[in-house]
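# An overview of the molecular structure
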Amino acid sequence: MAHRFGVGALAGLMFPLSAAPAAHAASFAAPEPWLDDFGVAAGWRVERHPRLLGDVDGDGRDDIVGFGEQGVLVALSNGDRFGEPEPWVDNYSYSNGWRVDKHPRFLVDMNADDRADIVGFGAGGVFVSLSTGSAFLPPKLWIDQFTITRGWRIDRHPRFLADVDADDRPDIVGFGNGGVHVARSTGAAFEPSALWLDDLGYEQGWRVDRNPRQVADVDADGRADVIGFGDDGVFVARAADDRFTAAALWLTDFGNDQGWRPDQHLRLLGDVDGDDRPDIVGFGASSTLLSFARSGRFTGATRALDEFAPAQGWQLDRHPRLLGDIDGDGRIDIVGFGQSAVIVAPSKQNDFHAPTPVLAEFTYDQGWRVGVHVRTLADVDGDGRRDIVGFGDAGVLVALAAD
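A brief structural summary.

Scoring rules and cut-offs
- Here the residue index of a chain counts from 1 through its sequence in written order.
- Predicted model: local features are reported for residues with pLDDT of at least 70 only, side-chain atom pairs are reported and counted for 80 or more only, and whole-chain, interface and lining totals are derived from all residues.
- Note that water and hydrogens are dropped before the side-chain values are worked out from all heavy atoms of the structure.
- Secondary structure elements follow DSSP: runs of H or I no shorter than four residues count as helices, runs of E no shorter than two count as strands, and numbering proceeds from the N terminus.
- Taken over C-alpha atoms, the radius of gyration is set against a globule rule of 2.2 Å times the number of residues to the power 0.38.
- Exposed residues in this analysis have more than 50% of their type's maximum accessible area, buried residues have under 20%, and partly exposed residues fall in between, with area computed by a 1.4 Å probe over protein chains only.
- We call two residues in contact when some of their heavy atoms are within 4.5 Å.
- In this analysis, strands are considered paired if DSSP registers two or more bridges between them.
- Axis definition: a line fit to C-alpha positions, over the contact stretch in the case of helices; interaxial angles, taken between N-to-C directions, run 0 to 180 degrees.
- Any carboxyl oxygen of Asp or Glu that lies within 4 Å of a side-chain nitrogen of Lys or Arg is treated as forming a salt bridge with it.
- Any two of the Phe, Tyr and Trp rings considered here, Trp counted by its six-membered ring, make a pair once their centres fall within 6.5 Å; the pair's planes then place it as stacked at under 30 degrees, edge-to-face at over 60, or tilted in between.
- For a lysine, the NZ atom is tested; for an arginine, the CZ atom; a charge sits over a ring if that atom is within 6 Å of the ring centre and within 35 degrees of the ring normal.
- Remark: nonpolar core denotes a set of buried residues (Ala, Val, Leu, Ile, Met, Phe, Trp, Tyr, Cys) joined through side-chain atoms within 4.5 Å.
- Whenever a nitrogen or oxygen atom comes within 3.5 Å of another N or O atom, the pair is scored as a polar contact, on the condition that within protein one atom can donate a hydrogen and the other can accept it, and that pairs from neighbouring residues in sequence are kept only if both atoms are in side chains.

So, on to the overall build of the protein. Looking only at helices and strands, the protein has zero helices and 34 strands in total. Expected size for 403 residues packed as a compact globule is a radius of gyration near 22 Å; at 21 Å, the protein falls within 12% of this value. Overall, the protein is about 60 × 50 × 30 Å in size when its C-alpha atoms are taken along their principal axes. Here the protein, with 403 residues, has 52% of them falling under the buried criterion. A separation of at least 24 residues holds for 48% of the contacts in the protein among residues at least 6 apart in sequence.

This is the structure we're talking about:
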């Protein structure tokens, strides 16, 4: 298979795009093997071993953090390759009782030192391991809430880390049974959980398999807000002092009543127009729709592209679609891992450029599978642009963002 470090050639391939690709300076260089570890052949499994990207040593380049069988392994990026994996902390792993379907794990800078730290929602509480730049400190219990022993379930209760009070420290935002709970960070622990909104929770009818919820700053005030894709449309609850405002209907689209289903239609948030507010990019049944965040509302959804949708053959269980700035203009672009090509649609502020096939690697025809091979976007060379990082059969394959 090509993802065993072979690079598929674009020559001779046919790409059934709905529009002829337009030339644009947003692409990827030829994929190169950066590390012969963290792949299927080395025993890594999606259902057991999360692999995340984040800058753990503060050099401006994203590194690999793998939650393995015995502990957490880190491979630092030098801009050209990943170094050999080294054990950074003996916890958060399968042998320590951590399970993908029970215990969410995140990489986020918890103490504002520009190094990504581990936050794990374990059986006994939320644990944090701060990065020293060369290791993770032993897990420290920051709060004994939001866990499976307290009734929190991945299939019912989404949990996020985001700054809701504008102090530059990520807080816990959890969608529980009775509503949205928040535990604010002090920088060394989380304060006791408080109910910030008695809505958007399980008892109010919100379901993981029906109503996606996300957290992002929709009004550019430095505080993360709640965005919920409900039955009627898109609801927003803004962060205020010690609470979220009542959830308001910002847009009667992208909801269950309008035919959107999580098992068929992706709805993502990203700043497409460069105004520091997250816009909605929805991959609907027949096209890609775009809605911009404005003061107190989302604009009406408009048809942006006749691509990346089921009507053009895109399937959730085969073809990941991601958002990331790959050309360094501060605006979010679309990167789609299609049947036979990686297809890019760069932002042109109020719309997207026509989709362009740029790589044959990382695709279904090259043997890449959603349940087997992780594909993500990260800045591994520190140039401010998102690169493709793929965990294939034999190891890690990287395609750097290029003009």
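Sheet strands pair by backbone hydrogen bonding; their relative direction is either parallel or antiparallel. Read across the sheet, four strands follow the order β2-β33-β32-β31 without closing on themselves; strand pairing throughout is antiparallel. Every interior strand has two partners, whereas the edge strands, β2 (32-35) and β31 (374-378), have only one. Averaged over all pairs of adjacent strands, the angle between their axes in this sheet comes to 30°, without regard to strand direction.

Residue alternation in strand β23 (residues 288-291) divides its side chains into two sets, Thr 288 and Leu 290 and Leu 289 and Ser 291, and both sets are buried. Connecting strand β22 (residues 279-283) to the antiparallel partner β23 that follows it, the hairpin turn spans four residues. Examined bridge by bridge, β23 and strand β26 (residues 302-305) share three bridges and lie antiparallel to one another. Paired with Thr 288 across the two strands is Leu 305, which belongs to β26.

Our next topic: the pattern of salt bridges. A side chain of one charge can pair with a side chain of the opposite charge if their charged atoms are brought near each other. Summed over all chains, the structure comprises 20 salt bridges. Among the salt bridges present, the one from Arg 150 reaches Asp 144, with a minimum N-O distance of 3.4 Å. Within the structure, one salt-bridge network assembled from shared partners comprises Asp 165, Arg 184, Glu 191 and Asp 242.

For Tyr 92, which is not a glycine, the phi torsion comes out positive at approximately 60°. Within the secondary structure layout, Tyr 92 lies in the loop between β6 (86-89) and β7 (105-108). In this structure Tyr 92 comes out as buried when scored by relative accessible area, which is 0%. The phi angle at Leu 200 is positive, at roughly 65°, despite the residue not being glycine. With respect to the helices and strands, Leu 200 occurs in the loop between β14 (194-197) and β15 (213-216). A relative accessible area of 0% places Leu 200 in the buried class.

Below, the discussion takes up the packing of aromatic side chains. One pass over the full model with this rule turns up 17 aromatic pairs. Considering the side-chain rings of Phe 146 and Trp 152, the 5.0 Å spacing of their centres and the 50° angle between planes classify their relative orientation as tilted. Using a relative accessible area of 10% as the deciding quantity, one classes Trp 152 as buried. Feature note: the residues Phe 38, Trp 44 and Phe 391 constitute an aromatic cluster, connected by ring pairs. Its end group placed over the ring of Tyr 94, Arg 48 keeps NZ or CZ at 3.5 Å from the ring centre.

Bringing the nonpolar core into the picture now. Core analysis: the largest hydrophobic core is formed by 17 residues, its most contacted members being Val 164, Val 173, Phe 175, Val 180, Leu 200, Val 226 and Phe 244. Contributing elements (two or more residues each) for this core: β12 (171-175), β13 (180-183), β14 and β17 (234-237). Excluding its chain neighbours within four sequence positions, the residues that come into contact with Val 173 are Pro 158, Arg 159, Phe 160, Val 164, Val 180, His 181, Val 182, Val 215 and Phe 244.

Positionally, Ser 77 belongs in the loop between β5 (72-75) and β6. Judged by its relative accessible area of 4%, Ser 77 falls in the buried class. Of the polar contacts made by the side chain of Ser 77, one reaches the backbone nitrogen of Gly 79; its length is 3.1 Å. Once residues within four sequence positions are removed from consideration, Ser 77 is found in contact with Trp 34, Asp 59, Arg 61, Asp 62, Asp 63, Phe 82 and Val 380.

Right, let's talk about the pairing of β5 for a bit. Pairing geometry for strand β4 (residues 63-67) and β5, over four bridges, is antiparallel. Bridge pairing links Ile 64 to Ala 75 in β5. Between β4 and β5, which pair antiparallel one after the other, the connecting turn spans four residues. Relative to β6, β5 runs antiparallel, the two sharing three bridges. Its bridge partner being in β6, Val 74 is matched across the sheet by Glu 86.

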